Amino acid sequence: MCGIVGYVGPRETAKLLIDGLRKLEYRGYDSAGIAVFNKGKIEIRRRVGKLANLEELVGNETFDGTVGIGHTRWATHGRPSDENAHPHKAGRVAVIHNGIIENHLPLKEALKRKGRIFSSETDTEIICHLIDESIEEGYPPLEAVKTALGKIQGSYALGILFEGDEKCLIAARKESPLVIGLGEGEYFIASDVPPILPYARDFIFMEDGEVAHLSLEGVRVFDARGNKVSKESKRVNWNPLMAEKGGFKHFMLKEIFEQPRAVTDTIRGRLSEEKGDVILEGVNLDGSVLKRIRRICLIACGTSYHAALVGKFLIEGLCRIPVEVDIGSEFRYRNPILGNDTLLVAISQSGETADTLAALREGKRQGARTLAICNVVESSLARDSDHVIYTHAGPEIGVASTKTFVTQLVILFLLAIRMGRELGILSQEDGRGLIGELVRIPHLMEEMLRSSKQVLEIARKYLTARDFLYLGRGINYPIALEGALKLKEISYIHAEGYPAGEMKHGPIALIDREMPVVVLATRNDVYEKVISNIEEVKAREGKVIALVSQSDRETILKLDDILFIPETHPFLTPILLTIPLQLLAYYMADLKGTDVDQPRNLAKSVTVE
Ligand code: AGP
C-alpha cells in the first residue's frame, strides 16, 4: 500500500513531508517523492528506491511555499522508477494517490485522443490530466476534482495541489484510508496517523466519497453529493509504534484483519461479470497458447506451496488441464520432464525465494512457458517470468504469510476461470456464478473476523497442548497444512497437517485426550467421510475442534469446539477456512508470548537455498 502525507500551514514543508514519509516506511515502498510550492510553481522531487535517495536529491534545497504533498509508492501498475514515482503532474495539477484506478486504460486512451501526453506507466497520472482538463474548462479546484472523480472507477486516497492556488490542498477518499490531522493553525493529510502524531492528536477520518478542502482558514469536508458535511474529530493517543500497527498489537494481526481489503484490491479491475470472465492484464494465455499446454506445474515453497496445492483443484476443476505441484527445493532435483507444452507457474509472495527462482529457471531452460504469481512488482521472479500476475495485498510486514496467502488463492481462482473460459470448458453462465460468489468473499471474511473472540477462547482452552493435528480432505487438505504451519512457525507448538483419510494409516496412534485435532468439516463432496474421521477421533477420546458450515447442525453434537464457516462455493471455502486457523495460531502465540511478527529462526524471504 502506498503512503500519503500532505501539509498546509506555516512550517518549512519539504523536510516535514520527508519526515512524515519516514513514519510510513513500515508500509513498504519502492520509490518516494514530494511536491512543494516555490515562487508560485509546484516543484516535484522524486526518486526510486529508499527515502535516503529522495533526501539526497532534495539536499539543502529550500522552497518558499508551505503547502505540499508527499508519497511513498508500493507499485501495482508500472515498474518502480523515477518516472513512475509520485507525485505526478499535468498542467497545473499535482497528485499523489494510494489505490487502483480500474478504468485507467479507456480513460488514458480518451485523454490521448485529446492530445494529452503521458510521462509514466501509472494509473495515477490519469487523475492529474482529468482534473487539469476541468481546470482548463474553467472549473474551480474543488469542482474540477469532483468532476474528475465522477469519471473514475476504483479506489483512491488523493492529495492534490493546484498552481495558482498555493494555499490550498484538496484530499479525496474512496476505499483507501485517508485521515486529516487538525493542528493549531496547520492541517495535515495522511494514509495513516503516524506522520501526524508529532504535530496533532485530533483527527478526522474521511469516509468513502468525501472530498476535503484544506487551507490556512481551516478544513471543509464535502460528501459524494457535494454537500458540506460537519465531521466530528477524534482524539488519538497511540504511541508511534502502536500507530504503525493501526492500533493492533502486532503487524500479523493487522494483516489478518486487512484480508478483506487485500482480496478486494486483488479482484479490482479483473472481473467481467457480464461475460462471466476474468481480465488478466498483460497475461497472453489465449486459446492458441493454451491449446498447446499439456501440463501445468505449480511450484512454490512454504505457505505459497499450500496455495499451489489448492490451485491444483481449481485449475483441474475448471480447465481439465493436468496439474503437478512441486516444492521449490525438490523440483529441480527430481529431473523433471518439461517442454514447450508445459506452463510453469511459480508462486511467491516476495518473488525472491531462491528455491522457487531456481525452479523457474529450470523450467525456462527446458522450454516451458512461465508465469509468476507474486506480490512484489519487479521482483526477481516477476522479471524472470514470461508473464506475471500480481496480488495486490500490499506489503506484508509479519514474517508469517497471511493476506498474501489468501490473495494467492484469489489469483489462482481468477487464472482457473480465465483459462477455463478461454478453452471453452467453463460456460459463461458458470463463470458468472463463480464470479458472483467471489465478490461476496470479502464480506464473508469481515463476518468471520467479527467473531474472532471465539477463536481466542479456543486458544486459551488448548494453550498447554504440546501437539496438534490438523485434518482436511480434498481442496481443504492444503488448508490443514497451512493451519499447522501457522501454528508451528509463530507459537513453536508442534502441529501436523494430514489428509483426514490418512489418519487411520498411522497418526491415529497419536490420538488421546491430550491431543487437540482441528478438523475442516465444511459441506462438500467428502463431508460424510470427514464426519467419519471425526467419529474415529472421538472414539479415542481425542478433542475435536471442527470448522463446519453455518448450516450444519448435525455435526456439532459430537464436537468439543465449533467454528462456523459461511456458505460459499467449495472452491472458495479454503479462503474462509484460513481465517480462523490464522487467528488460532496468532492467539496461541500471543498468549505464549512468542515474537509473533518476527518468530525465531525465520526470515520473511528465504533468499538462500
Ligand atoms: C509462511 O508463513 C512463511 N513465511 C514461509 O513459509 C513462506 O511462505 C515461504 O518462505 C515462501 O515465501 P514466498 O512466498 O515469498 O516465496
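This text gives an overview of the structure that appears in the document.

Each value, and the rule that gives it
- Residues numbered from 1 in each chain as written.
- Predicted model: local features only at pLDDT ≥ 70, side-chain atom pairs only at ≥ 80, totals over all residues.
- Heavy atoms only, no water.
- Near = heavy atom within 4 Å.
- Polar contact = N/O pair within 3.5 Å; in protein donor to acceptor, adjacent residues only side chain to side chain.
- Areas by Shrake-Rupley, 256 points an atom, 1.4 Å probe, with all protein chains shown as cover.
- Helix = DSSP H or I, 4+ residues; strand = E, 2+ residues; numbered from the N terminus.
- Buried < 20%, exposed > 50% of the residue type's maximum accessible area, 1.4 Å probe, protein only.
- Pairing = 2+ DSSP bridges.
- Axes fitted to C-alpha atoms, helices over the stretch in contact; angles between N-to-C directions.
- Contact = heavy atoms within 4.5 Å.
- Phe/Tyr/Trp six-rings, centres within 6.5 Å; stacked < 30°, edge-to-face > 60°.
- Lys NZ or Arg CZ within 6 Å of the ring centre and 35° of its normal.

Some words on the site of the ligand
Okay, so step 1: The full set close to the ligand counts 14 residues, and Ser304, Ser348, Ser350, Thr353 and Glu489 are the nearest of them.
Okay, so step 2: Here serine 304 contributes a side-chain N or O atom positioned 2.6 Å from an oxygen atom of the ligand.
Okay, so step 3: Protein contact buries 93% of the 410 Å² of open area that the ligand shows by itself.
Okay, so step 4: Elements supplying a minimum of two residues to the shell around the ligand: helix H10 (302-319) and helix H18 (477-491).

Quick look at unusual backbone geometry
Okay, so step 1: With an omega of 0°, the peptide bond between histidine 86 and proline 87 qualifies as cis.
Okay, so step 2: Within the secondary structure, proline 87 sits in the loop between strand E4 (67-73) and strand E5 (88-90).
Okay, so step 3: With a phi close to 55°, lysine 39 is a non-glycine residue in the positive phi region.
Okay, so step 4: Take lysine 39: it is sitting in the loop between strand E2 (31-38) and strand E3 (41-48).
Okay, so step 5: Residue class for lysine 39 comes out exposed when judged on its relative accessible area of 70%.
Okay, so step 6: Here arginine 320, not a glycine, exhibits a phi torsion of approximately 60°, which is positive.

Observations concerning the sheet that holds strand E19 (residues 323-327)
Okay, so step 1: On the basis of which strands lie adjacent, the open sheet formed by 5 strands has the order E19-E18-E20-E21-E22 and parallel pairing. The strands lining the two open edges of the sheet, one partner per strand, are E19 and strand E22 (387-390). Across the sheet, the mean angle from the axis of one strand to that of its neighbour is 20°, orientation sign disregarded.
Okay, so step 2: Where strand E18 (residues 295-300) lies against E19, 5 bridges are found, and the strand directions are parallel. Along E19, the bridge assignment pairs cysteine 297 with glutamate 324.
Okay, so step 3: Lying on the sheet, helix H12 (residues 354-365) is in contact with E18, strand E20 (342-348) and strand E21 (369-374); it crosses E20 at an angle near 165°.

Section: the packing of aromatic side chains
Okay, so step 1: Tallied over the full model, the rule gives 6 aromatic pairs.
Okay, so step 2: Measuring from ring centre to ring centre gives 5.2 Å for phenylalanine 188 and tyrosine 199, while their planes differ by 20°; the resulting arrangement is stacked. Pair noted here: phenylalanine 188 is in strand E10 (residues 187-190) and tyrosine 199 is in the loop between E10 and strand E11 (202-205), with a separation of 11 residues, a long-range link.
Okay, so step 3: When the ring of phenylalanine 203 is compared with that of phenylalanine 205, the centres are 6.1 Å apart and the planes differ by 35°; the resulting orientation is tilted.
Okay, so step 4: We classify phenylalanine 203 as buried; its relative accessible area is 0%.
Okay, so step 5: Residue classification places phenylalanine 205 among the partly exposed positions, given a relative accessible area of 35%.
Okay, so step 6: Ring pairing ties together the aromatic residues Tyr7, Phe188 and Tyr199, which thus form one cluster.
Okay, so step 7: When the ring centre of tyrosine 527 is taken as origin, the NZ or CZ atom of arginine 523, which lies over that ring, is 4.5 Å away.

Remember, this is a structural readout, not a statement about activity or role.
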